[in-house]
Amino acid sequence: MAMAGRIRSTLPLFNRLLAADSLSPHCRRSTLHQTLLFPELSKNYSTASPKKEEKVKVPLALFGGSGNYASALYLAAVKGNTLDKVESELLGLVEASNKSPMFSQFTKDLTVPAKTRVKAVNEICGQAKFSDITKNFLVILAENGRLRFIESIAKRFVELTMAHRGEVKAIVTTVIPLPPQEEKELKETLQEIIGKGKQVKLEQKIDPSILGGLVVEFGQKVFDLSIKTRARQMERFLREPINIGAL
């Protein structure tokens, strides 16, 4: 991803920022943290809020810290008409973090002063050309020592964007990748199950431990057609005592 490349190109900044000993270690408790917890205040993220506040609701009720942050970001992105862009930027940052041990460690290290975290985030967002909403959101995470939760927040945020688009995520686990035709047929079958009004988004996972067959998960449903599960069922059947009198 080109965006991830731009983000990684800013990583040398950390060496200079972390070496600067003139920064105060005192972390200010930002009032913007409350904006994330109370969606009606999320307009503060956008530098160009509409004159008339648009009523927006989250398509899913998410709970916990990551859910609160993700919900507030979703509301701000929808109101700013930048949902797709914010999603792309957030996922790009997560990808860059996963590929860079130094950046990943930076986000998790709470001994780094808040000023240093904020300055680094501003530099990264500027060079990566992030939107104001994404930049302001990441600054808030940096101020409050929450950058270490960026991956879990991104996952919850994707749940919201998928619900917004009427998408249903289906995970199919196999030993080897499904051939294109089989993937197409499986997707069509799942589409028939969920009906009209929603769109199946298929994600493939490889797991040799299932031995063969496949496992399909979507919504609250799990269809386990793996050889591993069938073998266990057969083993339980063979272990059951035989009632000779019934023969």
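As the structure is a prediction and not an experimental result, all values here were calculated from the model.

A tally of helices and strands in the protein chain yields 11 helices and 4 strands. In the protein chain, which comprises 247 residues, the share counted as buried stands at 40%. In the protein chain, 70% of the contacts between residues at least 6 apart in sequence involve partners at least 24 apart. Surface summary for the protein chain: the accessible area is close to 14,800 Å², and the carbon and sulfur share equals 56%.

The next subject is a nonpolar patch on the surface. A contiguous nonpolar surface patch, about 270 Å² in accessible area, is contributed by Ile193, Phe223 and Leu225. With respect to the helices and strands, the residue Leu225 is situated in the loop between strand 4 (221-224) and helix 11 (227-239). Relative accessible area serves as the criterion here: at 43%, Leu225 is assigned to the partly exposed category.

Ordered in space as 2-1-3-4, the 4 strands form an open sheet in which the pairing is mixed. The sheet is open, and its two edges are formed by strand 2 (199-206) and strand 4, each paired on a single side. On average, adjacent strands in this sheet sit at an angle of 15° to one another, irrespective of strand direction. Pairing geometry for strand 1 (residues 167-174) and strand 2, over 8 bridges, is parallel. In the sheet register, Thr173 faces strand 2, and the bridge partner there is Lys205. The strands that helix 9 (residues 150-165) touches are strand 1 and strand 2; relative to strand 1, the one it contacts most, it runs at about 120°.

Mean pLDDT over the protein chain stands at 78; residues scoring 70 or higher make up 76%. Scored below 50 in pLDDT, residues 13-48 makes 62 contacts in the model with residues more than four places away or belonging to other chains.

This part takes up helix 7 (residues 114-128). Compared with an ideal rise of 1.5 Å per residue, which puts 15 residues at 21 Å, helix 7 spans 21 Å between its outermost C-alpha atoms and is within 8% of the ideal. Within helix 7, burial applies to Ala114, Thr116, Arg117, Val118, Ala120, Val121, Ile124, Cys125 and Ala128.

Turning our attention to the environment of Phe137. Looking at the element boundaries, Phe137 is found in helix 8 (residues 132-143). Among the residues examined, Phe137 registers a relative accessible area of 0% and is labelled buried. Separated by 65 residues in sequence, Phe137 and Ala72 have C-alpha atoms that sit 9.2 Å apart.

Here the focus is the nonpolar core. One finds Tyr74, Leu138, Leu141 and Phe157 to be the most contacted residues of the largest nonpolar core, which totals 37 residues. Excluding its chain neighbours within four sequence positions, the residues that come into contact with Leu138 are Leu93, Val121, Cys125, Phe130, Leu147 and Ile150. Formed by 10 residues, the second largest nonpolar core is a distinct cluster that contains Val172, Leu190, Val200 and Leu202.

On to unusual backbone geometry. As a rule of thumb, non-glycine residues mostly have phi less than zero, and peptide bonds are mostly trans rather than cis. Residues other than glycine seldom take positive phi values, yet Asn81 does so here, at roughly 55°. On the secondary structure map, Asn81 appears in the loop between helix 4 (64-79) and helix 5 (83-99). What makes Asn81 exposed here is its relative accessible area of 72%. Of note, Leu211 is a non-glycine position whose phi angle comes to about 75°, a positive value. Along the polypeptide, Leu211 turns up in the loop between strand 2 and strand 3 (214-218).

On to the pattern of salt bridges. All chains considered together, the criterion is met by 7 salt bridges. With its nearest N and O atoms 2.6 Å apart, the salt bridge here joins Lys184 to Glu188. Within this pair, Lys184 and its partner Glu188 are both found in helix 10 (residues 180-194), separated by 4 residues, close to a single helical turn. Given the relative accessible area of 45%, Lys184 is considered partly exposed. What you see here is one network of salt bridges that share partners, running through Asp84, Glu87 and Arg165.

Reading guide: rules and limits
Residues numbered from 1 in each chain as written. Predicted model: local features only at pLDDT ≥ 70, side-chain atom pairs only at ≥ 80, totals over all residues. Heavy atoms only, no water. Helix = DSSP H or I, 4+ residues; strand = E, 2+ residues; numbered from the N terminus. Buried < 20%, exposed > 50% of the residue type's maximum accessible area, 1.4 Å probe, protein only. Contact = heavy atoms within 4.5 Å. Areas by Shrake-Rupley, 256 points an atom, 1.4 Å probe, with all protein chains shown as cover. Patch = residues over 30% accessible without salt bridge, like charges linked within 9 Å, V, L, I, M, F, W, Y side chains within 5 Å. Salt bridge = Lys/Arg side-chain N within 4 Å of Asp/Glu carboxyl O. Pairing = 2+ DSSP bridges. Axes fitted to C-alpha atoms, helices over the stretch in contact; angles between N-to-C directions. pLDDT = per-residue confidence, 0-100. Expected span 1.5 Å × (residues − 1). Core = buried A, V, L, I, M, F, W, Y, C linked by side-chain atoms within 4.5 Å.

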